[in-house]
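Remarks on the overall topology
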Amino acid sequence: MDGKEIEKIAVRTSIVTIIINALLTVFKFVAGIFGHSLAMISDAIHSASDVLSTVIVIIGIKVSAKAADKDHEFGHERYECVAAILLAGLLFATGAGIGYGGITNIIDGSYKTATLPDYLALSAAIASIVVKEAMFWYTWAAAKKTNSGALKADAWHHRSDALSSIGSLVGIVGAMCGVPVLDSVAAIVICVLILKAAISIFVDAVNKMTDKACDEKTEGEIRKFVEKCDGVKRVDSLMTRLFGNRIYVVLEIACNENLPLSKAHGIAEYVHDGIEQNFPLVKHVTVHVNPFEEESLRVEETVSNETAVQLKIDDRDEQSN
């Protein structure tokens, strides 16, 4: 999947979520006013913040999809990480705000004097939970397909809104049943979940900006693929680094030392193209060819065998003593 296709999927997903969020914000705001629910009005403001977060996603992904230029010869993928970090910050602030509100309400006892909401606010909370959870899975599917950290962050922003609506629902039901403190307790629990998601998104984005190696499973699969390539005698070195949502591979292979330069180059080119074709997240591969010396290999094996024999003799002598 190339940058343009990733951009197309991400932008389409983002536009859909912006439209739904805008409609949901208006609906919850009206329900909060006429349903006498301050929690629902706060929830509406939270939904409005999702519109801003999605705009940041669109900007980040469109910039990251730009082709390499004179000033950015390796591409612009890391701009998406910048967008993910900004969204992680917004998500963290949202979670902290919800938690602070819950703790403050418990400490000062303001939950006791809250106006009792009605069934309009209750219906809005239920609708919000269903819609926002659906938006989470819709955005998450696009994020997995494009390996986009910014979309993953935006998906979690939708889920944070669903969790916020659950808090509103608990508070509304609690108030109707004479236990309004449940709203504040739920807010604190939701705060912890949101903060955890924000930290996870932040760490993932930072890893992609600091040349962290890709996961061991992917490295192992690349190594196995290279070892099976015709003409490759040995994999001497394999290093990977994350660059935004893509992977760079630096590889050293050993080929028969007597091969003509053109054939050694052909093997390297075959390995290079094969990795890029079989591992879609790999953006660039560098392959260096080392000479594979049959004679030196036999010498190494002989030395290794002699060392092993000597170790056995030494071990036997120690046991006899």
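Everything that follows concerns the structure shown earlier in this document.
In this report, the structure presented in the accompanying data block is examined. (Residues numbered from 1 in each chain as written. Predicted model: local features only at pLDDT ≥ 70, side-chain atom pairs only at ≥ 80, totals over all residues. Heavy atoms only, no water.)

**So, the overall build of the protein chain**
Across its full length, the protein chain holds nine helices and three strands. Beginning at the N terminus, the succession of helices and strands in the protein chain can be written as α-α-α-α-α-α-α-β-β-α-β-α. Each of the 321 residues in the protein chain was classed as buried or not, and the buried ones make up 40%. The long-range fraction of contacts in the protein chain, counting pairs at least 24 apart against all pairs at least 6 apart in sequence, stands at 73%. For the protein chain, the exposed surface amounts to about 17300 Å²; the carbon and sulfur share of it is 63%. (Helix = DSSP H or I, 4+ residues; strand = E, 2+ residues; numbered from the N terminus. Buried < 20%, exposed > 50% of the residue type's maximum accessible area, 1.4 Å probe, protein only. Contact = heavy atoms within 4.5 Å. Areas by Shrake-Rupley, 256 points an atom, 1.4 Å probe, with all protein chains shown as cover.)

**Section: the pattern of salt bridges**
Applying the stated criterion to the full structure yields two salt bridges. Close ionic contact of R159 with E133 constitutes a salt bridge, the shortest N to O distance being 2.3 Å. One end of the pair, R159, is in helix α5 (residues 149-176); the other, E133, is in helix α4 (residues 119-146), with 26 residues separating them in the sequence. Using a relative accessible area of 18% as the deciding quantity, one classes R159 as buried. Between R234 and D236 there is a salt bridge, with its nearest N and O atoms 2.6 Å apart. (Salt bridge = Lys/Arg side-chain N within 4 Å of Asp/Glu carboxyl O.)

**Digging into a nonpolar patch on the surface**
A cluster of nonpolar residues, V26, F29, V30, I33, F34 and L120, forms a patch on the protein surface that exposes about 550 Å² of accessible area. When residues in the nonpolar patch are grouped by element, the largest group, five residues, is from helix α1 (residues 3-34). On the secondary structure map, I33 appears in helix α1. With a relative accessible area of 43%, I33 lands in the partly exposed category. (Patch = residues over 30% accessible without salt bridge, like charges linked within 9 Å, V, L, I, M, F, W, Y side chains within 5 Å.)

**As for the pairing of strand β2 (residues 246-256)**
Burial runs high along β2: eight of the 11 residues are buried. Here strand β1 (residues 234-243) folds back onto β2 in antiparallel fashion, the turn holding two residues, of which G244 has a positive phi close to 65°. When β2 meets strand β3 (residues 282-292), the two strands line up parallel, connected through 10 bridges. Counted as the bridge partner of V249 is V285 from β3. Regarding topology, helix α8 (residues 261-278) serves as the crossover connection from β2 to the parallel β3, and that connection is right-handed. (Pairing = 2+ DSSP bridges. Right-handed = clockwise from strand over helix to strand, strands pointing away.)

**Remarks on the environment of R159**
Separated by 22 residues in sequence, R159 and W137 have C-alpha atoms that sit 8.8 Å apart. At a separation of 2.3 Å, a polar atom in the side chain of R159 contacts the side chain of E133. (Polar contact = N/O pair within 3.5 Å; in protein donor to acceptor, adjacent residues only side chain to side chain.)

**Details of the nonpolar core**
Across soluble globular proteins, you tend to see nonpolar side chains buried next to one another. Core analysis: the biggest nonpolar cluster contains 23 residues, and V57, I61, L91, L151 and I201 have the highest contact counts within it. Listed by contribution, the elements that provide at least two residues to this core are α1, α2 (38-64), α3 (78-108), α4, α5 and α6 (181-209). For I61, the contacting residues outside a window of four places in its chain are E7, A10, E80, S148, A150 and L151. In terms of nonpolar packing, the next biggest core, distinct from the first, is built from 19 residues, C229, V249, I267 and V285 among them. (Core = buried A, V, L, I, M, F, W, Y, C linked by side-chain atoms within 4.5 Å.)

**As for the environment of K263**
Considering the arrangement of structural elements, one finds K263 in helix α8. We classify K263 as exposed; its relative accessible area is 52%. In sequence terms K263 and G231 are 32 residues apart; their C-alpha atoms lie 9.1 Å from each other.

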